[in-house]
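As a plain string of letters, each chain reads:
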Amino acid sequence: MLDPVRVAKDFPILSKGDLTYLDSAATTQKPVQVVDAIEDYYYSCNSNVHRGIYRISEEATERYEKARENISQFVGSRDPAGTVFVRNTTEAINLLSYTLGRQLKAGDEIVLSVMEHHSNMVPWQFLREKGVVIRYADIDSEGRLDPEDLKSKIGRKTRIVSLTHVSNVLGTVNPVSELAKMAHEASSLFIVDGAQSVPHMPLDVKSIDCDFMAFSGHKMLGPAGIGVLYGKPELLMRLPPFMGGGDMIREVRLDGATWNDLPYKFEAGTPNIEGAIGLSAAVDYLRNLGMDNVRRHEMELMDYVMKRAGEIEDLTYYGPRDPKVHGGVFSFNIGQIPAFDLESELNSRHLKISSQELHPHDISSYLDQSGIAVRAGHHCAMPLMTRLGVQATSRASFYVYNSRDDADKLFIALENAKKAFAR
Amino acid sequence: MSEEEISAEIILDHYRNPHNYGKLEGSNASMTEYNPICGDTVHFQLRIAGTVIEDAKFVGRGCSVSQASASMLTDMLKGKPIEYLESLTESGFLDVLGIKVGPAREKCALLSLTAAKKAVKASR
Ligand SMILES: Cc1ncc(COP(=O)(O)O)c(C=O)c1O
């Protein structure tokens, strides 16, 4: 079992007791173990990697490569050559859209879903310039990926299917191994956006059978500025490089260059060494808690949150009702503020926002006064907001240091907000 | 009630019952401003005769701060010379609103002022 109150003691920012942090889907807090690992690197062996033939550089290189092995194993990849360090999920997907994109031609199709984060949409949309067609699978009324619709979007011309494992708005946990099968049956590549799953559940890239997966260190107790692109080594091998520079080359002549082996081919320039070391410490921390325990904890918490949510009048929440397929993300609205349309607004009589309607911005400002941090807005998923017919939602997201107590604080404050805004 | 609480009450009143909401007949200067971070939208309309703002109305959608400030601005501008709008500074307008807003919500509070100023510029 995971005891969130004990876990929270490892997080100095939380132990002061004046912060109820419910925005871990945006970024998580950091435990002392992670900060210590980074500090220890700075104070004992800070130097550049893969270059110096002196003791501390060898030590730094060893820590950097050990971090790679450790993080690889954490997601079930046996060959560390398939673990490329990048800045974050966004960079990983841009790397893929750039390198895979160079091999695509007009008429080729990429299948995404309407629940994707902008970072798994915009990089692919770049390819429309060369005539690549993007198709979007829809969701059902509970915010699950609609398998029939997805099937109808995948076809002969599909080259890439890129989907999120867990939605950062709906919390929906997508059945990625089934989706991988669907993609592979159509001879398409399958990419998983793991930004909201790797931090929150046990997973194994081998059993999912994804070709690539992207995730961010800062969403899993690690530092910002470090993320991972996992790829099947035989596929990464065939891709052209992304950025050129030092470290990624084998040999440079005045008329060209040859590329280094994996994963260095994709790691141009001095990498984020301390970031990798910090992320490795975060992985140790999570492994110690047990990813099964992490998932169970969030499932139980969401079960509780959804029950409490049902008691608040006018509260609508999004995503699957079954906590088994709902990650630790709780997006909601109080009342429904309809999306804005200028023409129809100009021709309507008189607007009256009724007292049952609270704008997400007002909610998060109000909650902030009680020290509760939640997110309000479109959560980098504007097409999904449109699909849900809302301008924005509020979002409370939970992690290993959040307890029922935090959920209670949220709901008490929401009741108070309703009273404060009632007229 | 503190001064700030009174200001918050006034904001809430304007939010629930916005003044000058809807289509302005004969509008000859209008502009839509949109905050891409939160989606707040204000469409501000003016009717200008010579150097005077004869009338002002708005439509929009967003949080209480963005919509109430638009409502208050319409009241402030009616019958005033254009110069009054042009010389109204951001900090001056925030003072009139009287609520403390953090940097994240300042944009919401200033959405209508930006829209009104741009509307005048565009009409020239
Ligand atoms: C599902 C999902 N994908 C991608 C991202 C982008 O992550 P990052 O900003 O770390 O690149 C996020 C984070 O906001 C996310 O929630």
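A.B. asks: Explain the overall build of chain B here, please?
C.D. replies: Scanning chain B from terminus to terminus reveals five helices and three strands. What you see in chain B, going N to C, is helices and strands ordered as α-β-β-β-α-α-α-α. In terms of overall size, chain B behaves like a compact globule, its C-alpha atoms giving a radius of gyration of 14 Å where 124 residues would be expected to give roughly 14 Å. By its C-alpha atoms, chain B is 40 × 30 × 25 Å across when sized along the principal axes. Within chain B, buried positions represent 52% of all 124 residues.

A.B. asks: Help me out: how do you make sense of the packing of helix 4 (residues 55–74) of chain A against helix 11 (residues 273–289) of chain A in this one?
C.D. replies: For any two helices packed against each other, the geometry is given by the interaxial angle and the distance between the axes. Residues and elements named next belong to chain A. At a minimum axis separation of 8 Å, helix 4 and helix 11 run at an interaxial angle of 40°. In terms of orientation, helix 4 and helix 11 fall into the oblique class. Relative to helix 11, helix 4 is oriented so that their crossing is left-handed. Between helix 4, through Ala60, Arg63, Tyr64, Ala67, Asn70, Ile71, Gln73 and Phe74, and helix 11, the contact on the second element is made entirely by Ile273, Ala276, Ile277, Leu279, Ser280, Val283, Asp284, Leu286 and Arg287. Considered class by class, the residues forming the contact of helix 4 with helix 11 number 11 nonpolar, three polar and three charged.

A.B. asks: Explain the packing of helix 1 (residues 3–16) of chain B against helix 2 (residues 64–77) of chain B here, please?
C.D. replies: Residues and elements named next belong to chain B. It is the contact of helix 1 with helix 2, at a shortest axis distance of 8 Å, that shows an interaxial angle of 85°. The angle between helix 1 and helix 2 falls in the class roughly perpendicular. Across the interface between the two elements, Ile10, Ile11, His14 and Tyr15 from helix 1 touch Ser64, Gln67, Ala68, Ser71, Met72 and Asp75 from helix 2. Its residues assigned to classes, the contact of helix 1 with helix 2 shows five nonpolar, four polar and one charged.

A.B. asks: What's the story with unusual backbone geometry in this structure? I'm lost.
C.D. replies: Excluding glycine, most residues fall at negative phi; most peptide bonds, likewise, are trans. In this chain, Leu262 of chain A is followed by Pro263 of chain A through a cis amide linkage whose omega measures -10°. Residue Asp247 of chain A is not a glycine yet carries a positive backbone phi of 75°. Within the secondary structure layout, Asp247 of chain A lies in the loop between helix 10 (233–238) and strand 9 (249–253). Accessibility expressed as a relative area gives 16% for Asp247 of chain A, which makes it buried. A positive phi is found at Asn20 of chain B, a non-glycine position, where the angle reads about 55°.

A.B. asks: Where do I start with the site of the ligand in this structure?
C.D. replies: Residue and element names in this part refer to chain A. Surrounding the ligand, one finds 13 residues, the nearest of these being Thr90, Asp193, Gln196, Ser216 and Lys219. His117 places a side-chain nitrogen or oxygen 3.0 Å from an oxygen atom of the ligand. The side chain of His218 places a nitrogen or oxygen atom 2.7 Å from an oxygen atom of the ligand. Taken by itself the ligand offers 390 Å² of open surface, and the protein chains cover 88% of this. Each residue belonging to the shell around the ligand can be placed in one class, and the counts come to one nonpolar, 10 polar and two charged.

A.B. asks: I tried to follow the sheet that holds strand 7 (residues 212–216) of chain A on my own but got confused; where do I start?
C.D. replies: Note: strands within a sheet are paired through backbone hydrogen bonds, in either parallel or antiparallel orientation. All names here are of chain A. The strand order 2-8-7-6-5-3-4 describes an open sheet built from seven strands, whose pairing is mixed. The sheet terminates laterally at strand 2 (83–86) and strand 4 (133–137), the two strands that pair on one side only. On average, each strand axis in the sheet is tilted by 20° relative to the strand beside it, whichever way the strands run. Across three bridges, strand 3 (residues 109–113) lies against strand 5 (residues 158–164) in parallel orientation. What sits directly across from Val111, in strand 5, is Val161.

A.B. asks: Honestly, the domain arrangement of chain A in this entry has me stumped. Any pointers?
C.D. replies: Residues and elements named next belong to chain A. Domains assigned within chain A are domain 1 (4–30 + 290–422) and domain 2 (33–288). With centres defined by C-alpha atoms, the gap from domain 1 to domain 2 works out at 28 Å. At the junction of the two partners, domain 1 supplies 40 residues and domain 2 supplies 36 residues. Regarding the contact of domain 1 and domain 2, the summed buried area is about 3100 Å², with carbon and sulfur atoms giving 57% of it. Linking domain 1 to domain 2 there are one salt bridge. In this structure, Asp138 engages Arg387 in a salt bridge whose closest nitrogen and oxygen atoms are separated by 2.6 Å. Run the count over domain 1 and domain 2 and you get 26 residue pairs in polar contact (both at pLDDT 80 or more). Contributing elements (two or more residues each) for the side of domain 1 that touches domain 2: helix 12 (291–310), strand 12 (329–334) and helix 15 (382–388).

A.B. asks: Can you help me understand the packing of aromatic side chains in this one?
C.D. replies: Each aromatic ring pair is summarised here by two numbers: the centre-to-centre distance and the angle between the ring planes. Taken as a whole, this structure holds 11 aromatic pairs over all chains when the rule is applied. Summarising the aromatic geometry, the rings of Tyr399 of chain A and Tyr401 of chain A are spaced 5.8 Å apart at their centres and angled 85° between planes, so their arrangement reads as edge-to-face. With respect to burial, Tyr399 of chain A and Tyr401 of chain A carry one shared label: buried. Their ring planes at 85° and their centres at 5.1 Å tell us that Tyr21 of chain B and Phe58 of chain B sit as a pair that is edge-to-face. Residue Tyr21 of chain B is located in the loop between helix 1 and strand 1 (29–34), and its partner Phe58 of chain B is located in strand 3 (residues 52–61); the two are separated by 37 residues in the primary sequence. For the pair shown, Tyr21 of chain B and Phe58 of chain B are each scored as buried. Grouped by ring-pair contacts, the aromatic residues Phe11, Tyr285, Tyr399 and Tyr401 of chain A constitute a single cluster. Of note, Arg321 of chain A hangs over the ring of Tyr317 of chain A, and the distance from its end group to the ring centre comes to 3.8 Å.

A.B. asks: Would you mind going over the interface of chain A and chain B with me for this structure?
C.D. replies: Interfaces are frequently sized by the accessible area removed from exposure as the parts join. Contacts between chain A and chain B engage 29 residues on the former and 29 residues on the latter. Between chain A and chain B, roughly 2400 Å² of surface is buried when both sides are summed, and carbon and sulfur atoms account for 52% of that area. Run the count over chain A and chain B and you get two salt bridges. With a shortest N-O distance of 3.1 Å, Glu345 of chain A and Arg61 of chain B are connected by a salt bridge. Residue assignment for the side of chain A that touches chain B shows that the elements contributing at least two residues are helix 13 (342–347), helix 14 (360–369) and helix 16 (404–421) of chain A. For the side of chain A that touches chain B, the leading source of residues is helix 13 of chain A, giving four residues. Grouping the amino acids of the side of chain A that touches chain B by side-chain chemistry returns 14 nonpolar, nine polar and six charged.

Procedures and definitions
Residues numbered from 1 in each chain as written. Chains lettered and ligands numbered in written order. Predicted model: local features only at pLDDT ≥ 70, side-chain atom pairs only at ≥ 80, totals over all residues. Heavy atoms only, no water. Helix = DSSP H or I, 4+ residues; strand = E, 2+ residues; numbered from the N terminus. Rg over C-alpha atoms; globule rule 2.2 N^0.38 Å. Buried < 20%, exposed > 50% of the residue type's maximum accessible area, 1.4 Å probe, protein only. Axes fitted to C-alpha atoms, helices over the stretch in contact; angles between N-to-C directions. Parallel < 35°, antiparallel > 145°, perpendicular 65-115°, else oblique. Left-handed = near helix turned anticlockwise from the far one by under 90°. Contact = heavy atoms within 4.5 Å. Nonpolar A, V, L, I, M, F, W, Y, C, P; charged D, E, K, R; others polar. Near = heavy atom within 4 Å. Polar contact = N/O pair within 3.5 Å; in protein donor to acceptor, adjacent residues only side chain to side chain. Areas by Shrake-Rupley, 256 points an atom, 1.4 Å probe, with all protein chains shown as cover. Pairing = 2+ DSSP bridges. Domains from an automatic or database assignment. Buried area = accessible area lost by both parts, 1.4 Å probe. Salt bridge = Lys/Arg side-chain N within 4 Å of Asp/Glu carboxyl O. Phe/Tyr/Trp six-rings, centres within 6.5 Å; stacked < 30°, edge-to-face > 60°. Lys NZ or Arg CZ within 6 Å of the ring centre and 35° of its normal.

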